[in-house]
Amino acid sequence: IRAEGARALGWNHTGELLAVGDYEGILSIFDADGSLLRQVDTDQKGLIDLDWHPNSDLIVAVGEYISRYYYRTDELQNIEDRTEDILMLCVDWHPGGQFFATGDYGDFTHNYSPLLQYWTSAGSHIKSMNDSKAEIRNLAWSEDGELLASTSEKIRLWNEAGEIVAQDNHSHLLQGVAWNGETTQLIVTDDHCKIIFWDRELNRLGETLD
């Protein structure tokens with residue numbers, strides 16, 4: 001890992017390859033023993049998040065824009081996600097592998113709304129949703145692929161068509177999100193170090209104390 005640091009990482013579907021994206025836009029691929037196999041310059045200033053395709057060795061990494069990298073053929077494709085200069089924060093493949101979702105920071109100085117976007121596996125734009133009033137910090141598809149959870153000023157659940165099916169307010173900006181193994185509950189963190197639990201219908205189950 002480069003000295004400047006990294007925050008984007010993930011294992012491929014077989015657990016044989018680990019990808020790390022650093023703050024200089026370098027995508028590094030390691031084997032399961034930690035040996036460096038390949039480094040790829042994505043031409044981005046920095047990589048913020050990445051996700052492997054659920055059943056192939058295709059990586060989608062985000063930062064200034066979208067980088068699609070296929071490990072087996074060493075092919076890199078960069079995709080401009082919007083006309084404005086916006087930092088992308090998160091990406092998550094749908095479990096079926098047909099498309100992936102991205103979330104970005106927006107720019108409230110210039111009145112650019114944060115966008116949740118859907119993209120085909122080939123990188124073609126499907127749909128943009130601008131319902132979030134703060135940056136979209138994280139995304140997580142349920143294992144059955146029916147619901148996408150996004151964290152921002154609210155917790156929101158989206159369906160495969162990009163429609164909101166449930167949402168709930170919170171007193172602070174929401175950040176991390178993960179489903180439990182049965183995808184019946186969500187665990188979410190906020191920017192005040194609190195952990196909140198919701199069920200699949202976004203009924204609040206509890207939260208840690210301050």
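Every value quoted in this text rests on a predicted model; they were computed, and no experiment measured them. (Residues numbered from 1 in each chain as written. Predicted model: local features only at pLDDT ≥ 70, side-chain atom pairs only at ≥ 80, totals over all residues. Heavy atoms only, no water.)

**Re the sheet that holds strand 15 (residues 154–158)**
Strands sit in the order 13-14-15-16 across an open sheet of four strands; the sheet is antiparallel. Looking at which strands have only one partner, the edges of the open sheet turn out to be strand 13 (138–141) and strand 16 (164–169). Across the sheet, the axes of successive neighbouring strands diverge by a mean angle of 15 degrees, strand direction being ignored. Here strand 14 (residues 148–151) pairs with strand 15 via four bridges, running antiparallel. (Pairing = 2+ DSSP bridges. Helix = DSSP H or I, 4+ residues; strand = E, 2+ residues; numbered from the N terminus. Axes fitted to C-alpha atoms, helices over the stretch in contact; angles between N-to-C directions.)

**Thoughts on the nonpolar core**
Ranked by size, the top nonpolar core spans 14 residues in total, and within it Ile155, Leu157, Leu186 and Trp198 carry the most contacts. Looking at this core, the element that brings in the most residues is strand 17 (residues 174–179), giving three residues. Not counting the four nearest positions on each side in its chain, Ile155 is found in contact with Ala149, Ser150, Ala166, Gln167, Asp168, Leu174, Val177, Leu186, Val188, Trp198 and Leu202. (Core = buried A, V, L, I, M, F, W, Y, C linked by side-chain atoms within 4.5 Å. Buried < 20%, exposed > 50% of the residue type's maximum accessible area, 1.4 Å probe, protein only. Contact = heavy atoms within 4.5 Å.)

**Describing the pairing of strand 3 (residues 26–31)**
Most of strand 3 sits inside the fold, with five of its six residues counted as buried. Alignment of strand 2 (residues 17–22) against strand 3, held across five bridges, turns out to be antiparallel. Within strand 3, the residue paired with Val20 across the bridge is Ser28. Between the antiparallel neighbours strand 2 and strand 3 lie three residues, among them Gly25 with a positive phi of about 85 degrees. Direction of pairing for strand 3 relative to strand 4 (residues 36–41): antiparallel, over a ladder of five bridges. Its bridge partner being in strand 4, Ile29 is matched across the sheet by Arg38.

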